[in-house]
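# Examining the three-dimensional arrangement
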Amino acid sequence: MSNMFRSASLALAFVGLAGLARSQDVKVEKYQLKNGLTVILHEDHTVPLVTVNLWFRVGAKDEAERRSGFAHLYEHLMFMGTDRVPTGQFDKIMEAGGGSNNASTTADRTNYFSSGPSSLLPTLLWLEADRLEDLGRTMTQKKLDLQREVVKNERRQTTEETPYGKAYEAIGSMIYPKGHPYHTSVIGSHEDLEAATVKDVQEFFSTFYVPNNASLVVAGDFKSADVKALIEKLFSSLQRRNDPPRKIVQPFTFTGVKRVTMIDKVQLPKIFMVWHSPAAYGPGDAEMNLAGQVLAGGVSSRLYQRLVVKDGLATDVSAGQDSMVLGSNFSISVTPAEGVSLDKIEFAIDDELKKFTSGGPTEIELKRQIAGYETGVLSSLQSIASKADRLNEFEFAYGEPNSFKKSLDLYRNATPRAVRDVSRKVLDLNSRLILRVLPGGEEIRVDRDKKPAASEVKSFDPPTPTVITLSNGTKVQYVQRKELPLMSFEIRFDTGAVQDTPKEHGLTALTAELATQGAGDLTAAEYENALNLLGASVHVNAGARAIVASLDVLTRNFDAGFKLFRDALTKPKLAQTDFDRLKASTISAIKQADDDPGTLARKVTAREFFGENHPSGKPISGTVDSVKALTLDQSKAVFAKRFDPSTMTVFASGSMTPDELKLKLESAMAGWANPKGESRPMLSPIPQLTGLRVLVVDKPGAVQTVVRFALPGVAYDHPDRLAYQAIGTILGGTFTSRLNSNLREEKGYTYGAGASFSFDDQFGMLVASSSVRTEVTGASLKEFLSEFKKIRSGDMTPEEVGKAVLSVRTSIIESLASLGGIVAVNADLQARGKTIQQLKIDLEAASKLTAGDLNQKAKQAVTLDLGVLVLVGDKKAILAQLAGLDLPKATEIKP
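With that out of the way, let us pick up the overall build of the chain. Scanning the chain from terminus to terminus reveals 31 helices and 23 strands. Taken against the 2.2 N^0.38 rule, which gives 29 Å for 895 residues, the C-alpha radius of gyration of the chain at 27 Å falls within 12% of a compact globule. Expressed along its principal axes, the backbone C-alpha trace of the chain runs to roughly 75 × 70 × 60 Å. On the chain, roughly 34700 Å² of surface is accessible, and the fraction owed to carbon and sulfur atoms is 52%. Between the mean site of the 108 positive side-chain charges and the mean site of the 107 negative ones, the chain shows a separation of 1 Å.

Here we take up the nonpolar core. Of all hydrophobic cores here, the largest spans 63 residues; its most connected members are Phe709, Leu781, Leu854 and Leu871. Top contributing element to this core by residue count: helix H24 (residues 721–732), with 7 residues. Once residues within four sequence positions are removed from consideration, Leu854 is found in contact with Ala723, Ala726, Ile727, Ile730, Met796, Val801 and Leu849. Core analysis: the next-biggest nonpolar cluster, separate from the first, contains 55 residues, Val52, Val201, Phe204 and Leu230 among them.

What follows deals with the packing of helix H1 (residues 70–77) against helix H7 (residues 198–208). Look at H1 against H7: their axes get within 11 Å of each other, and the N-to-C directions meet at 90 degrees. As summarised for this structure, H1 and H7 are arranged roughly perpendicular, according to the angle between their axes. Residues Phe70, Ala71, Tyr74 and Leu77 of H1 form the contact with H7, whose own contacting residues are Asp200, Val201, Phe204 and Phe205. Counted by class, the contact of H1 with H7 contains 7 nonpolar, no polar and 1 charged residues.

With that out of the way, let us pick up the sheet that holds strand S15 (residues 537–542). Strand order in the open sheet formed by 6 strands is S12-S13-S17-S14-S16-S15, and the pairing between neighbours is mixed. Pairing within the sheet leaves two strands with one partner each, and these edge strands are strand S12 (466–469) and S15. Ignoring strand direction, the axes of neighbouring strands in this sheet form an average angle of 20 degrees. As paired strands, strand S14 (residues 486–493) and strand S16 (residues 547–554) are joined by 8 bridges and run antiparallel to one another. Pairing of Arg492 across the sheet is with Val548, part of S16. On top of the sheet, helix H18 (residues 558–570) reaches S14, S15 and S16; it is set at about 160 degrees to S16, its chief contact.

A word on the pattern of salt bridges. Enumeration over the complete set of coordinates arrives at 54 salt bridges. A salt bridge links Glu29 to Lys228; the nearest nitrogen and oxygen atoms lie 2.6 Å apart. Here the residue Glu29 occupies a position in strand S1 (residues 29–32), and Lys228 occupies one in helix H8 (residues 224–235), the gap between them amounting to 199 residues. Among the residues examined, Lys228 registers a relative accessible area of 30% and is labelled partly exposed. Linking Arg432 and Asp350 is a salt bridge whose minimum nitrogen-to-oxygen distance equals 2.9 Å. Highlighted residues: Arg432 in strand S11 (residues 431–438) and Asp350 in helix H11 (residues 342–359), separated in sequence by 82 residues. Looking at Arg432, the relative accessible area reads 3%, which means it is buried. What makes Asp350 buried here is its relative accessible area of 13%. Among the ionic contacts, a cluster of salt bridges with common partners joins Asp83, Arg84, Asp130, Glu133, Asp134 and Arg137.

Relative to the helices and strands, Asn35 is located in the loop between S1 and strand S2 (38–43). Excluding residues within four positions of it along the chain, Asn35 makes contact with Pro211, Asn212, Phe235, Ser236, Leu238 and Arg240. Separated by 3.1 Å, the side chain of Asn35 and the backbone nitrogen of Leu37 make a polar contact. A distance of 2.9 Å separates a polar atom in the side chain of Asn35 from the backbone oxygen of Phe235.

What follows deals with helix H29 (residues 838–847). Looking at H29, one finds that the buried residues are Gln838, Leu839, Asp842, Leu843 and Ala846. Looking straight down H29, one finds that the buried residues subtend no more than 140 degrees of arc, so they occupy a single side. Among the structural elements, H24, helix H27 (798–814) and helix H28 (819–831) are those in contact with the buried residues of H29.

A word on the environment of Leu739. In this fold, Leu739 is placed in helix H25 (residues 738–746). For Leu739, a relative accessible area of 0% corresponds to the buried category. In this structure the C-alpha to C-alpha distance between Leu739 and Ala753, which are 14 residues apart in sequence, comes to 5.8 Å. Beyond its immediate sequence surroundings of up to four residues, Leu739 is in contact with Leu731, Arg744, Ala753, Gly754, Ala755, Ala768, Phe784 and Glu787.

Turning our eyes to something else, we now look at the packing of aromatic side chains. Inspection of every chain in the model, using the stated rule, returns 30 aromatic pairs. When the ring of Phe56 is compared with that of Tyr112, the centres are 5.9 Å apart and the planes differ by 80 degrees; the resulting orientation is edge-to-face. Placement of Phe56 in strand S3 (residues 49–56) and of Tyr112 in strand S5 (residues 110–117) is noted, with a sequence separation of 56 residues between them. Accessibility classification places Phe56 together with Tyr112 in one group, the buried group. Between Phe493 and Phe643 the ring centres are 5.3 Å apart and the planes differ by 55 degrees, which places this aromatic pair in the tilted class. Taken together, the positions of Phe493 in strand S14 and Phe643 in the loop between helix H22 (632–642) and strand S17 (648–654) put the pair 150 residues apart, joining distant regions of the chain. Judged on exposure class, the residue Phe493 and its partner Phe643 are both buried. Each residue in the set Phe56, Phe79, Phe90, Tyr112, Phe204, Phe205, Phe208 and Tyr209 is aromatic and connected to the rest through ring pairs, giving one cluster. Taking NZ or CZ as reference, Lys228 lies 5.1 Å from the ring centre of Tyr31, over its face.

Rules used throughout
- Residues numbered from 1 in each chain as written.
- Predicted model: local features only at pLDDT ≥ 70, side-chain atom pairs only at ≥ 80, totals over all residues.
- Heavy atoms only, no water.
- Helix = DSSP H or I, 4+ residues; strand = E, 2+ residues; numbered from the N terminus.
- Rg over C-alpha atoms; globule rule 2.2 N^0.38 Å.
- Areas by Shrake-Rupley, 256 points an atom, 1.4 Å probe, with all protein chains shown as cover.
- Lys, Arg positive; Asp, Glu negative; His and termini not counted.
- Charge placed at Lys NZ, Arg CZ, Asp CG, Glu CD.
- Core = buried A, V, L, I, M, F, W, Y, C linked by side-chain atoms within 4.5 Å.
- Buried < 20%, exposed > 50% of the residue type's maximum accessible area, 1.4 Å probe, protein only.
- Contact = heavy atoms within 4.5 Å.
- Axes fitted to C-alpha atoms, helices over the stretch in contact; angles between N-to-C directions.
- Parallel < 35°, antiparallel > 145°, perpendicular 65-115°, else oblique.
- Nonpolar A, V, L, I, M, F, W, Y, C, P; charged D, E, K, R; others polar.
- Pairing = 2+ DSSP bridges.
- Salt bridge = Lys/Arg side-chain N within 4 Å of Asp/Glu carboxyl O.
- Polar contact = N/O pair within 3.5 Å; in protein donor to acceptor, adjacent residues only side chain to side chain.
- Arc of directions from axis to C-beta.
- Phe/Tyr/Trp six-rings, centres within 6.5 Å; stacked < 30°, edge-to-face > 60°.
- Lys NZ or Arg CZ within 6 Å of the ring centre and 35° of its normal.

Function-wise, these values are silent; they only describe arrangement.
Okay, here's the thing in C-alpha cells:
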C-alpha cells in the first residue's frame with residue numbers, strides 16, 4: 001500500500017552506518033550517462049519485486065533567502081504531473097501496476113523512491129524520466145497552490161500539533177547564525193511557503209533537478225542488460241546543465257552556553273542539550289554516533305542507568321548524532337520524572353558527561369555497539385528498497401555505492417581513546433544550547449509520449465514451512481532463507497491482555513516488557529549488554545489475545561542468543577527496582593501520548609466503538625490510574641499464568657538448514673515441555689453498536705481537527721473479506737484513493753486522508769481518518785460523507801478495482817520479504833487456524849474480483865448506520881461547522 005503521507009525526513013539527515021560481516025559485499029554495476037546521470041544497478045532475485053531510488057544533491061541548505069521549506073515543497077511538486085502524465089495520474093499509473101512510491105527531504109539531499117512487482121519496472125523508469133524532463137516546463141499556479149496547502153497542513157500536523165515539535169524545529173535557528181544553511185528548518189515557515197512563485201519553482205527545477213546532479217539506483221528482480229538499454233533510451237537525451245551552485249558557508253564560532261525556555265501545550269517538561277559536532281562521514285562522526293549509543297542507547301547506557309535506574313530522576317532519555325554534511329549536531333533530551341526539577345536533571349547529565357569525557361567508553365561498551373550495528377545493517381539489507389537507499393547514500397557520501405566495508409571500518413576501528421578524545425572536544429559544557437520546554441540550453445526532445453508496456457506479472461508462491469518436531473513434542477514451523485547470516489525466532493503464547501481484570505488494566509503489557517529487564521543471573525543492564533555483544537535483540541510484547549516473544553540474531557551467535565531468549569521467558573528477574581522504573585516510564589508515555597491529537601483520537605475511538613469494558617476498547621498499556629495501582633506481586637503472578645509452554649506455538653526463519661536448527665533446538669529447548677494441549681482462544685463479545693454517534697474531544701486553540709470514523713466491518717473468515725479489503729483500498733488505502741485525492745490533492749484541506757478495513761476473528765472495522773485544518777472541519781466532513789455515499793452507490797470502475805487488487809498483491813508479497821515478516825505472517829495465520837498457503841488462496845481470490853462484485857457489496861461494506869465519528873480539536877470551532885451536515889448531534893466527551 002502506498003504511503004499516503006509524503007514527508008520530509010525532518011529529524012536525522014543521515015543514519016550512522018556500520019557493522020557488516022567482513023565478507024559482506026553488495027554487487028553493483030555503476031556507470032554514468034553522457035549527460036552526467038550516475039546509474040547504479042543491483043540484481044536481487046529473492047522475490048519478484050523491484051525498486052527505483054533517485055537521489056538529488058539538493059536539500060534545505062540550498063534554499064535561497066526567504067525561501068525556507070522550498071526544497072521540501074518541491075518534493076511534493078514532483079508528483080504533480082506533466083503533459084504526458086497529467087495531475088493525479090503519476091500515482092494512479094504506478095498503483096494500477098501494484099506499485100507505490102514516496103520521497104523525503106533533508107537538509108542535504110532529496111530522494112524519490114518507488115517499488116512494485118518486477119513487471120512494473122519499465123513504467124517506474126518512464127515516470128521518473130518524464131518528470132525529470134518536463135515537470136518544470138509544465139508547472140502551473142494551480143499545482144503550486146495545491147501542494148503549498150498540503151505542505152502547510154503537514155507543518156501543522158508534524159510540527160505545530162506534535163508534542164515538542166516546535167522545540168525540535170527551533171533548534172537550528174538557536175544553534176546556527178542567521179544566513180547559515182542550517183539556520184532554518186526543512187519544513188520551512190508559512191510565510192516563506194506562501195511567498196513562493198511559479199517562476200521560483202521553475203528556476204529551482206532547472207538549477208537542481210538536472211541529470212548531472214542526480215544518481216539513480218535500480219535494484220531487484222531484473223536483468224541488467226535489459227534495464228541498461230531502457231535507461232539509455234529514457235534518460236540519455238536529457239540535457240546536461242551547469243553544475244548547481246553551492247553556498248559559501250561563512251565560518252562561525254558557537255561559544256558560551258545559550259539558555260532558552262519555551263512554553264508548549266504538553267503535560268510534561270523536557271530538557272534538550274545540543275552541541276556542534278563533526279560533519280557526516282568525516283573524522284569524528286562515527287565516534288560521536290558510538291558516543292550517543294554508549295550514553296543513551298538502551299537500559300545499560302550511562303545516562304539511562306544514572307537518570308532513570310539509579311537516581312529515578314527521569315522517565316526517558318535519548319542522545320545521538322544528527323549527521324549533516326556541513327557540520328552535525330549532537331543532542332541529549334530527557335523527560336523528568338514527576339516532581340523532579342530540570343535543574344536536578346541538568347546537574348546529573350553534566351556529572352555523567354564529565355565522567356564520560358574524562359575516561360571514555362570501555363572496550364566492552366564499544367564492542368556491543370559494533371555488534372548491534374552489524375545486525376541492524378544486515379537486517380536492513382533484507383529489504384530491496386532499504387538496500388537501494390543505502391547504495392545511493394554511499395554514492396552520495398563516498399562516490400562509491402558498495403562502501404559497506406568502508407563504512408564498517410569507521411566503526412570497527414574506533415577505539416575507546418578516540419571516542420573519548422572526540423567527545424571531550426564536542427561535549428564542552430561551556431559551549432552548548434540548553435533548551436527547556438515547559439508545559440503550559442536547447443532541449444533535446446525524444447519520444448517519451450508512449451508509456452512502456454509492463455512486463456508479465458510473475459507468479460508467486462508463498463514459502464512452505466518445514467515442520468520440525470522436537471523430542472519434547474514441540475513443533476517449530478521453519479522457513480529457510482540462505483541469503484543473509486541471520487535468524488529470526490518467535491514464540492506466541494495463546495494468552496494476553498484480554499485476561500486483565502479491570503483492576504489489572506495494563507498488567508500483562510507491563511509484565512511482558514519486564515521479562516527482558518534482566519533474566520537468569522543477569523541484571524537488566526547486564527542482560528542488555530549480553531544481547532548487544534551478540535548483535536541480538538529480544539522483544540516481548542503483549543497483545544489482546546497473545547504474548548509475542550521474538551529473537552533476532554546473527555546465525556553464528558544463535559546458541560548464545562537463544563539462551564538469553566529462553567531465560568527471559570522462563571526465569572526473568574522481575575525485580576522491584578525494574579518494575580518501579582518501567583511503571584514510571586509507562587505512566588509518562590501515557591501522558592505524552594495524550595498530548596498528541598492523533599494518538600488521543602485512536603484511543604477514544606477504540607473506547608467508544610467497543611465500549612470501555614471491552615478488551616479492544618482499552619489501551620493495552622493501561623491508564624495512568626490503573627498502572628499506578630499495579631504491584632510487583634501481581635506481575636509475578638501473571639507471569640506464571642501467561643507464559644505457559646502448553647499454549648505456545650513456535651516459528652522461525654533464517655539461514656540454517658532445518659537439520660541444523662533441529663540439532664540446536666533439541667539442546668536449547670530441552671526440558672521446556674510443550675504438551676500437545678488444546679489452544680485456548682480468548683474470544684471477546686462482539687461490540688453492541690447503536691446508531692452513529694458524533695463525539696468531540698476539546699483541544700482549545702488547536703490548528704487542526706482530527707477526524708476519525710469507525711464503522712463496523714466483517715470477521716476474517718467472512719467470504720467477502722477480500723472484497724471489503726479492496727473496497728477499503730479504493731476508498732482510502734493508497735495515495736490515489738478517493739479520500740486522499742479529494743481532501744489532499746483536490747481541496748488541500750489536509751496532509752493526508754485514508755481508510756482501511758481490519759478483520760478480527762469475530763468482527764471487523766472500517767476506519768477512515770484525517771487531520772484537517774480547523775477552519776475546514778465542516779467542509780472536510782462534507783467530503784467524507786460524499787465519498788461514502790458515492791462508493792455505496794456502486795460506482796467503482798474496473799480500473800480502480802484492478803489497481804486495488806494489484807496493491808493488495810504487492811503488500812502480500814512485501815510482507816514475506818524479510819525473515820521477521822515470514823515469521824510474523826506465519827504466526828498470525830496459525831493463530832487464525834490457517835497456514836501460510838492462505839496467502840496463495842487470497843492472491844488467487846483477489847485476482848478474480850470484478851467491479852461488479854465490489855459494487856454489489858459496497859452498500860453493506862460502507863455504512864453510517866452504526867459506529868462512531870470522533871473529532872479532536874477546538875470544540876467551539878468544530879461545533880460551529882457541523883450545522884447542515886447529515887450527522888447526528890455532537891456530544892462532548894472527555895479524553
